[in-house]
Amino acid sequence: MTIPHSISTALNSLPVDQQRNFRRDWRRREKKLGMAYLAWLLLGWHYLYLGRVGVQFAFWFTLGFLVIGWFVDFFRLPGMVRQMNEDNARNLMMEYKMILR
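Criteria and cut-off values
- Residues numbered from 1 in each chain as written.
- Predicted model: local features only at pLDDT ≥ 70, side-chain atom pairs only at ≥ 80, totals over all residues.
- Heavy atoms only, no water.
- Salt bridge = Lys/Arg side-chain N within 4 Å of Asp/Glu carboxyl O.
- Helix = DSSP H or I, 4+ residues; strand = E, 2+ residues; numbered from the N terminus.
- Buried < 20%, exposed > 50% of the residue type's maximum accessible area, 1.4 Å probe, protein only.
- Phe/Tyr/Trp six-rings, centres within 6.5 Å; stacked < 30°, edge-to-face > 60°.
- Lys NZ or Arg CZ within 6 Å of the ring centre and 35° of its normal.

K.L.:
Can you help me understand the pattern of salt bridges in this one?
P.N.:
The tally for this structure, following the rule as stated, stands at six salt bridges. Of the charged contacts, one joins Asp73 and Arg76 as a salt bridge, the two residues approaching to 2.9 Å between their closest N and O atoms. Here Asp73 and its partner Arg76 are both found in helix H7 (residues 68–100), three residues apart, which amounts to about one turn of the helix. Of the residues examined, Asp73 reaches a relative accessible area of 2% and is grouped as buried. Classification of Arg76 as partly exposed rests on a relative accessible area of 39%.

K.L.:
How do you make sense of the packing of aromatic side chains when you look at a structure like this?
P.N.:
The geometry of an aromatic ring pair is captured by the separation of the ring centres together with the interplanar angle, meaning the angle of the planes. All told, the structure shown has 11 aromatic pairs when counted by the stated rule. Consider the rings of Trp40 and Phe74, whose centres lie 5.2 Å apart with planes at 55°: the pair is tilted. Of this pair, Trp40 sits in helix H3 (residues 33–41) while Phe74 sits in helix H7, and the two are 34 residues apart along the sequence. Residue class for Trp40 comes out buried when judged on its relative accessible area of 9%. A relative accessible area of 34% means that Phe74 is categorised as partly exposed. Taken together, a centroid distance of 6.2 Å and an interplanar angle of 25° make the contact between Phe57 and Phe61 stacked. With Phe57 and Phe61 both in helix H5 (residues 53–61), this residue pair falls four residues apart, about one helical turn. Among the aromatic residues, those joined into a ring-pair cluster are Tyr37, Trp40, Trp70, Phe71, Phe74 and Phe75. We note Lys31 situated over the ring of Tyr49; from NZ or CZ to the ring centre the distance is 4.8 Å.

Here it is as structure tokens:
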């Protein structure tokens, strides 16, 4: 995946060394769709991979939301990963903006 467009425009306002550091940190935090599907396949570990621990326990205790939720998540997973990556990029940009102050 790439850095979300809304963040990439803000990234251009940072100094070049900060842009390089941002990209490095982004690669560390970025969630991969393939890994999310692998976690989904392994009995629904995908919420844990996406950092949603509370939802993960609810998912397990309800047997994958009565198994139906497990199948529905197959189609929802790309959007969930995209949203997680956007949130991570936004939070990382806020951290970098705080450093520059």
